Amino acid sequence: MTEDEIVSRLRDKDVQALGALFEKFSREIYRLAYRILKDHFFAEDISQEVFLKAYERIFHLKETTKLKKWLFKIAVNTAWDLFRQQSRFVPVSQWEEFPLDRFYPSPEDGMIQAEEQAALGQALNLLPPLPFQVVCLYYYHGLSIRQIAQLFHLPESTIKSYLFRARKQIQKFFRGDGSTVHLTKISKTSCNF
């Protein structure tokens, strides 16, 4: 089922379309909520809440091409609301590592890419939650600065500042071992939301 079909059927209050929407986006929404909340239980709860809100508010979606962005916005707002309520903080050392699931053409290339991704993942995990999300949304998910600013209800200059500071912090992390980093190599495993 295409996104247009899902949206159309959701507007007709078709519950099966809600299942299709969940199948299509549940992993990404869960990961996004987990990155904000650092708790599997709350992330799962938020994921379900996001899809219920989407079902109830589907008429607020103006353009079906922006369905994913709209769901991310609901997820970010819902997760941050809970985060503020809980006032919880989990140290980076307790963050769960996600396995690499990329296809590698050769064992040597696979080892090199895995090491690069692990190092980049470590550098990203040192970022505070909001700059981390901004970097992932920009480099991995391909959202524009304007889209990210709208998503977080922040000025574009603030998003640019987050990106600039995050790049500097990541470059500083890699200078310690003489490596270089290319943020365009951010992978799904580095940005598990």
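Along each chain, residues carry numbers from 1 onward, in the same order as the chain's sequence is written. Owing to the predicted nature of the model, reporting of local features is limited to residues with pLDDT of at least 70; listing and counting of side-chain atom pairs is limited to 80 or more, with chain, interface and lining totals taken over all residues. Calculated side-chain values reflect all of the structure's heavy atoms, with hydrogen atoms and water omitted.

Details of the overall build of the protein chain
Strands are runs of DSSP state E lasting at least two residues, helices are runs of H or I lasting at least four, and both sets are numbered from the N terminus onward. A count of helical and extended segments in the protein chain gives 8 helices and 0 strands. Across the protein chain, helices and strands are ordered from the amino to the carboxyl terminus as α-α-α-α-α-α-α-α. Whether a residue is buried, partly exposed or exposed follows from its accessible area with a 1.4 Å probe, protein chains only, as a fraction of its type maximum: under 20%, in between, or over 50%, in that order. When burial is assessed residue by residue, the protein chain has 45% of its 193 residues classed as buried. Working note: accessible area of the protein chain is about 10,900 Å², and carbon and sulfur atoms make up 53% of it. Method for areas: the Shrake-Rupley scheme with a 1.4 Å probe, in which residue coverage is limited to the protein chains shown.

Structural notes on the packing of helix H6 (residues 129-140) against helix H7 (residues 145-152)
Structural elements are reduced to axes, namely lines fitted to C-alpha atoms, with helices fitted over the stretch in contact, and the angle between N-to-C directions of any two is expressed from 0 to 180 degrees. It is the contact of H6 with H7, at a shortest axis distance of 10 Å, that shows an interaxial angle of 140 degrees. By the angle between their directions, the pair H6 and H7 is classed as oblique. H6 and H7 meet at a crossing whose hand is right-handed. Here Leu130, Gln133, Val134, Leu137 and Tyr138 of H6 lie close against H7, whose contacting residues are Ile145, Ile148, Leu151 and Phe152. Residues were grouped as follows: Ala, Val, Leu, Ile, Met, Phe, Trp, Tyr, Cys and Pro as nonpolar; Asp, Glu, Lys and Arg as charged; and all remaining residues, including Gly, as polar. Of the residues in the contact of H6 with H7, the class split is 8 nonpolar, 1 polar and no charged. Working definition: roughly parallel below 35 degrees, roughly antiparallel above 145 degrees, roughly perpendicular at 65 to 115 degrees, and oblique for all remaining angles. A crossing counts as left-handed when the near helix is turned anticlockwise from the far one by less than a right angle, and as right-handed when that turn is clockwise. Whether two residues are in contact is decided by their heavy atoms, any of which lying within 4.5 Å being enough.

Structural notes on the nonpolar core
Soluble globular proteins tend to pack their nonpolar side chains together in the buried interior. One finds Leu21, Leu71 and Phe152 to be the most contacted residues of the largest nonpolar core, which totals 57 residues. Within the residue set of this core, elements represented by two or more residues are helix H1 (3-11), helix H2 (15-37), helix H3 (40-56), helix H4 (67-86), helix H5 (107-125), H6, H7 and helix H8 (156-175). Excluding anything up to four places from it in sequence, Leu21 contacts Ile6, Leu10, Ser26, Phe51, Ala54, Leu67 and Leu71. Only buried residues count toward a nonpolar core. Its members are Ala, Val, Leu, Ile, Met, Phe, Trp, Tyr and Cys residues joined through side-chain atoms within 4.5 Å.

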